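Structure assessment
Here's the letter readout for the chains.
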Amino acid sequence: MSTSAVPTVFDRPGEPDADGLLAEQLLRLTRRLHRIQKRHLEPVGITPAQSRLLRTVAHFGEPPRMADLAARLEVVPRAVTSLVDGLEAVGRVRRVPDPNSRRVVRIELTDEGRATLRELRSARRAAAEDILAPLTVEQREELGGLLSALVDPGPEGGC
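Residues numbered from 1 in each chain as written. Predicted model: local features only at pLDDT ≥ 70, side-chain atom pairs only at ≥ 80, totals over all residues. Heavy atoms only, no water.

**As for the overall build of the chain**
Which entries qualify depends on this criterion: In this text, helices come from DSSP runs of H or I with a minimum length of four residues, and strands from runs of E with a minimum of two, each type numbered from the N-terminal end. A 1.4 Å probe rolled over the protein chains alone gives each residue an accessible area, and that area as a share of the maximum for its type sets the label: buried under 20%, exposed over 50%, partly exposed in between. Contacts: residue pairs with any heavy atoms within 4.5 Å of one another.
Counting secondary structure elements, the chain contains 6 helices and 2 strands. Its helices and strands taken in sequence order, the chain reads α-α-α-α-β-β-α-α from the N to the C terminus. Looking at the chain residue by residue over its 159 residues, the buried ones come to 23%. Of the contacts formed within the chain by residues at least 6 apart in sequence, a portion of 46% connects residues at least 24 apart.

Given below as structure tokens:
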């Protein structure tokens, strides 16, 4: 029998699987966060994915290329194209030619896009308050530290 076939305490029927339980709680929290965020973004007329794209465009020093956005968002370029199409249709971003290459298109925020970002900040704060309401200030600080350790585990723990 190999060591991987040796049952652990978590493999025994009736024993709690602490890591599995924690993973399930994190998944449930993620779904809840998404629902709350979506509810707060509806009055702004934007989806969570569009919100993320707008914030990403705003963080670049100059209008980014579509490929830059896809890389930063860790999505396929086609997904960025669809998001840009939707935001462009409502005047929040625009495609502009790259001054150095006719083949390259860059994405820039419009005045409407910048106004939407201001609305998004308020919506995100309200969504965060909804989700964090049951926690004390100390618990929020502790949660922040724990989440930082999970989000940026360092070179050894990264994927």
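**Some details on the environment of Arg-52**
On the secondary structure map, Arg-52 appears in helix α2 (residues 48-59). Spatially, the C-alpha atoms of Arg-52 and Leu-120 are 9.9 Å apart, while their sequence positions differ by 68 residues. Residues in contact with Arg-52, not counting those within four places in the same chain, are Arg-72 and Leu-73.

**Section: the nonpolar core**
Formally: Here, nonpolar core means buried Ala, Val, Leu, Ile, Met, Phe, Trp, Tyr and Cys residues that are tied together by side-chain atoms lying within 4.5 Å of each other.
Grouped together as the largest cluster of nonpolar side chains are 21 residues, with contacts concentrated most on Leu-53, Leu-54 and Val-80. Broken down by secondary-structure element, the contributors of at least two residues to this core are α2, α3 (66-73), α4 (77-89), β2 (101-109) and α5 (111-132). With sequence-adjacent residues up to four places away left out, Leu-53 is seen in contact with Leu-69, Leu-73, Val-80, Leu-83, Val-84 and Leu-87.

**Here's the deal with a nonpolar patch on the surface**
As a reminder, the rule being used: Within the patch definition used here, like charges are joined within 9 Å and nonpolar side chains (Val, Leu, Ile, Met, Phe, Trp, Tyr) within 5 Å, considering only residues with over 30% relative accessible area and no salt bridge. For every accessible area listed, the method is Shrake-Rupley and the probe measures 1.4 Å; residues are considered covered only by the protein chains on display. Basic side-chain nitrogens of Lys or Arg form a salt bridge, by our definition, when they fall within 4 Å of a carboxyl oxygen of Asp or Glu.
A contiguous nonpolar patch, built from Leu-22, Leu-26, Leu-29 and Leu-33 and spanning about 320 Å² of accessible area, is present on the exposed surface. In this structure, Leu-29 sits in helix α1 (residues 18-41).

**Observations regarding the packing of α3 against α4**
For any two helices packed against each other, the geometry comes down to the angle between their axes and how far apart the axes lie. Put simply, the rule is: In this analysis an axis means a line fitted to C-alpha atoms, helices contributing only their contacting stretch, and an angle means the value between N-to-C directions, from 0 to 180 degrees. For this classification, under 35 degrees means roughly parallel, over 145 means roughly antiparallel, 65 to 115 means roughly perpendicular, and everything else is oblique. Here a crossing is called left-handed whenever its near helix is offset anticlockwise from the far helix by less than a right angle, and right-handed whenever the offset is clockwise. In the scheme used here, Gly and all other residues not listed as nonpolar or charged are polar, with Ala, Val, Leu, Ile, Met, Phe, Trp, Tyr, Cys and Pro taken as nonpolar and Asp, Glu, Lys and Arg as charged.
Between α3 and α4, the shortest axis-to-axis distance is 9 Å and the interhelical angle comes to 110°. Classified by the angle their axes make, α3 and α4 are roughly perpendicular. When the axes of α3 and α4 are compared, the crossing they make is right-handed. Contacts between α3 and α4 involve Met-66, Leu-69, Ala-70 and Leu-73 on the former and, on the latter, Pro-77, Val-80, Thr-81 and Val-84. Partitioning the contact of α3 with α4 into residue classes produces 7 nonpolar, 1 polar and no charged.

**Notes on the side chain of Arg-106**
Selection rule: Definition of a polar contact: a pair of N or O atoms within 3.5 Å, with one able to donate and the other able to accept a hydrogen when the atoms are protein atoms, and with sequence-neighbouring residues admitted only if both atoms are side-chain atoms.
Positionally, Arg-106 belongs in strand β2. In this structure the side chain of Arg-106 is engaged in a polar contact, spanning 2.7 Å, whose partner is the backbone oxygen of Pro-63. There is a polar contact of 2.4 Å between the side chain of Arg-106 and the side chain of Asp-98. Residue contacts for Arg-106: discarding those within four places in its chain leaves Glu-62, Pro-63, Pro-64, Arg-65, Asp-68, Arg-94, Arg-95, Val-96 and Asp-98.

**Some thoughts on the pattern of salt bridges**
Here the structure, examined in full by the defined rule, presents 10 salt bridges. Between Arg-106 and Glu-62 there is a salt bridge, with its nearest N and O atoms 3.8 Å apart. Of the two residues, Arg-106 sits in strand β2 while Glu-62 sits in the loop between α2 and α3, which places them 44 residues apart along the sequence. The class of Arg-106 is buried, set by a relative accessible area of 14%. In this structure, Asp-85 and Arg-95 form a salt bridge, with 2.7 Å as the shortest nitrogen-oxygen distance. Of this pair, Asp-85 sits in helix α4 while Arg-95 sits in strand β1 (residues 93-98), placing them 10 residues apart in sequence. Classification of Asp-85 as partly exposed rests on a relative accessible area of 35%. If you follow the salt bridges from partner to partner, you end up with Glu-62, Asp-98 and Arg-106 in one network.

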